[in-house]
Amino acid sequence: GIEATAYVGDAGRTALRLEIDYDLSLTQRLILQPRLELNAYGKADPAARTGSGLSDAEFGLRLRYESRREIAPYIGIEHFRRFGATASLAESDGENAGETRWVVGLRLWY
């Protein structure tokens, strides 16, 4: 699915988040889900450690097993990357602009 969220805050600050994911059925119970998330900001906010424009992106793959439709454990890998001024601010704080991480979780529907 596609989900877009817009925020308007103090002093004219704006933000946009776009999330895209898609379920690929490998079997009736095993689902592979590619995901993409993008975050962009209208103004730089040094206190929040974000620059203006495209701030960061996250791409990942999750593999879940739906024992029941309402309960599905998953494992996955995600790559997170900061861009532009946001990356520069993170690096000045001693952080990496990008990282890859493993994720494990439980998806619950009610």
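Residues numbered from 1 in each chain as written. Predicted model: local features only at pLDDT ≥ 70, side-chain atom pairs only at ≥ 80, totals over all residues. Heavy atoms only, no water.

Draft legend 1. How the structure looks around the environment of Ile75. In this structure, Ile75 sits in strand 6 (residues 71-82). Residue Ile75 is classed as partly exposed on the basis of its relative accessible area of 44%. Once the C-alpha coordinates of Ile75 and Glu91 are considered, the two residues, 16 residues apart in sequence, prove to be 29 Å apart. The contact partners of Ile75, leaving out residues within four places of it in the chain, are Leu61, Arg62, Leu63, Val103 and Val104. (Helix = DSSP H or I, 4+ residues; strand = E, 2+ residues; numbered from the N terminus. Buried < 20%, exposed > 50% of the residue type's maximum accessible area, 1.4 Å probe, protein only. Contact = heavy atoms within 4.5 Å.)

Draft legend 2. Structural detail: the packing of aromatic side chains. Summed over the entire model, instances satisfying the criterion amount to zero aromatic pairs. Stacked on the ring of Trp109, the Lys or Arg Arg69 has its end atom at 5.6 Å from the ring centre. (Phe/Tyr/Trp six-rings, centres within 6.5 Å; stacked < 30°, edge-to-face > 60°. Lys NZ or Arg CZ within 6 Å of the ring centre and 35° of its normal.)

Draft legend 3. The arrangement of the pattern of salt bridges in detail. Scanning all chains against the criterion turns up 15 salt bridges. Here Arg64 and Asp23 are joined by a salt bridge, their closest N and O atoms 2.8 Å apart. In this pair, Arg64 is assigned in strand 5 (residues 53-65) and Asp23 in the loop between strand 2 (14-21) and strand 3 (24-25), connecting sequence segments 41 residues apart. Residue Arg64 is classed as buried on the basis of its relative accessible area of 4%. Judged by its relative accessible area of 34%, Asp23 falls in the partly exposed class. The salt bridge partner of Arg101 is Glu78, with a shortest N-O separation of 3.6 Å. Remark: Glu78 occurs in strand 6 and Arg101 occurs in strand 7 (residues 98-108); sequence separation between them is 23 residues. Since its relative accessible area comes to 6%, Glu78 is described here as buried. Put simply, Arg17, Arg35, Glu37, Glu58, Arg62, Glu78, Glu99 and Arg101 are held in one network by salt bridges that share partners. (Salt bridge = Lys/Arg side-chain N within 4 Å of Asp/Glu carboxyl O.)

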